[in-house]
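# What the coordinates show
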Amino acid sequence: MRVFVTGATGFIGSAIVRELLSAGHQVIGLARSDTAAASLVSAGAEVQRGALDDLASLRSGAAAADGVIHTAFIHDFSDLARSLQTERSAIETLGTALEGSKRPFVITTGTALLPLGRLVTEEDAPTTGSFTAARGATEEVALSFARRGARVAVVRPAPSVHGNGDTHGFVTILISIARARGVSAYPGDGSNRWSAVHRLDIAHLYRLALETAPAGTRLHGVGDEGVPLREIASVIGQHLNLPVVSLTAEDMGAHFGWFAAFASLDNPASNTLTQQLLGWHPTGPGLIADLAEGHYFKE
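All values derive from a computational prediction rather than experimental measurement.

With that settled, consider the overall build of the protein chain. What the protein chain contains, in helices and strands, is 12 helices and 12 strands. Expected size for 299 residues packed as a compact globule is a radius of gyration near 19 Å; at 19 Å, the protein chain falls within 12% of this value. By its C-alpha atoms, the protein chain is 55 × 40 × 40 Å across when sized along the principal axes. Burial analysis of the protein chain (299 residues in total) assigns 54% to the buried set.

Written out as structure tokens, the structure is:
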């Protein structure tokens, strides 16, 4: 297949590009800079110049492809409303280009949009919080194109997508805060859990979704169902030779800043239905094993 990939030079997207190429697919990657374009050419992909808010470029890329994988999102927390509207417009544009064709259209949301504090499955719907509801609504926008003749699948990555080369993920942020504060911290008793997945495993899942997922499918990109924050903080403390401490709710903001809500996240998630449907089985190291390899702590 010729596959149009948005977010093609990101941490997850670049792994997807390599996964697709190694499986014999052709890739057209969206690139907004010369650096991104050069990276795609070096990997063996074609380049579609444009950005997520360049709807003409998205339309052209989708029209020239046999399928689309959409991983891009503008992570501008200072103007989330604009980021969410940009994503919705992008999905509507890509979906419209694919409707009636039965071509695959794989989009990205996340398990963190689902109810917290319990094990969630692929059958759970996003919660009604302002951000989660708005981002979760993009699932429904995308899935509406399944009723209009596109083979739509939604991939929900775990909050922590980890692996060598991670420079902006949740674990990287925890490590940066620990270095800056001189302690590796966790909230309360540290029993809140992050689900996690290795980037190569989730890249494989995107390829399977593109190739075989039935229309209207929701898939969980999850390897570890739930890793307690206390365990993550302990490994970070060991590698940085820092004390590992518990924080009260009142101290979370001062220590973690804007990341406090994410550090407190309790988001265990199941991948059972995804494995059953696609035969996908994560084989990469789990989050704790990946941290133990030490590459996250090289400066």
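Let us look at the sheet that holds strand β11 (residues 224-228). Here three strands make up an open sheet; going across it, the order is β7-β9-β11 and the pairing mixed. If you trace the sheet from one side to the other, it starts and ends with β7 (160-162) and β11, each paired once. In this sheet, adjacent strand axes meet at a mean angle of 40° when their direction is disregarded.

A word on unusual backbone geometry. Note: most residues except glycine have negative phi, and most peptide bonds are trans. Not every positive phi belongs to a glycine, and K102 is a case in point at roughly 65°. Looking at where K102 falls in the secondary structure, it is placed in the loop between α4 (80-98) and β5 (104-108). Classification of K102 by relative accessible area gives exposed; the value is 70%. Backbone geometry at N241 places phi at a positive 55°, although glycine is not the residue there. Mapped onto the elements of the fold, N241 is located in the loop between α8 (229-240) and β12 (244-247).

This part is about the pattern of salt bridges. Two side chains of opposite charge can pair, provided their charged atoms sit close to one another. Inspection of every chain in the model, using the stated rule, returns 12 salt bridges. Salt-bridge contacts for R148 lead to E99; the nearest nitrogen and oxygen are separated by 2.9 Å. You can see R148 sitting in the loop between α5 (130-144) and β6 (151-157) and its partner E99 sitting in the loop between α4 and β5, a full 49 residues away along the chain. On the accessibility criterion, E99 (32% relative accessible area) is partly exposed. Shared partners join several salt bridges into a network, and the residues in it are E139, E140, R156 and R218.

This next bit is on the packing of aromatic side chains. All told, the structure shown has seven aromatic pairs when counted by the stated rule. Between W258 and F259 the ring centres are 5.5 Å apart and the planes differ by 75°, which places this aromatic pair in the edge-to-face class. A network of ring pairs unites the aromatic residues F170, W194, W258, F259 and F262 as a single cluster.

Attention now goes to the sheet that holds strand β1 (residues 2-6). On the basis of which strands lie adjacent, the open sheet formed by seven strands has the order β3-β2-β1-β4-β5-β6-β10 and parallel pairing. Of all the strands in the sheet, just β3 (46-49) and β10 (217-221) have a single pairing partner and so form its edges. Here the strands of the sheet are splayed against their neighbours by 20° on average, with no regard to which way each runs. The sheet contact formed by strand β2 (residues 26-31) and β3 spans four bridges and is parallel. When the sheet's bridge partners are listed, L30 is paired in β3 with Q48. Each of β1, β2 and β4 (67-70) is contacted by helix α1 (residues 11-22), which is oriented at about 160° to β2, the strand it contacts most. In the packing of helix α2 (residues 34-43) onto the sheet, the strands contacted are β2 and β3, and the crossing angle to β3 comes to about 160°.

For the rest of this paragraph, the subject is the pairing of β2. Burial analysis of β2 places five of its six residues in the buried class, the great majority of the element. Two strands pair when backbone bridges link them, and β1 and β2 are joined in this way by four bridges, in the parallel orientation. Its bridge partner being in β2, V3 is matched across the sheet by V27. Running through α1, the crossover from β1 to the neighbouring parallel element β2 is right-handed. In this fold, β2 hands off to α2, which returns the chain to β3; that crossover is right-handed.

Reading the values: the criteria
- Residues numbered from 1 in each chain as written.
- Predicted model: local features only at pLDDT ≥ 70, side-chain atom pairs only at ≥ 80, totals over all residues.
- Heavy atoms only, no water.
- Helix = DSSP H or I, 4+ residues; strand = E, 2+ residues; numbered from the N terminus.
- Rg over C-alpha atoms; globule rule 2.2 N^0.38 Å.
- Buried < 20%, exposed > 50% of the residue type's maximum accessible area, 1.4 Å probe, protein only.
- Pairing = 2+ DSSP bridges.
- Axes fitted to C-alpha atoms, helices over the stretch in contact; angles between N-to-C directions.
- Salt bridge = Lys/Arg side-chain N within 4 Å of Asp/Glu carboxyl O.
- Phe/Tyr/Trp six-rings, centres within 6.5 Å; stacked < 30°, edge-to-face > 60°.
- Contact = heavy atoms within 4.5 Å.
- Right-handed = clockwise from strand over helix to strand, strands pointing away.

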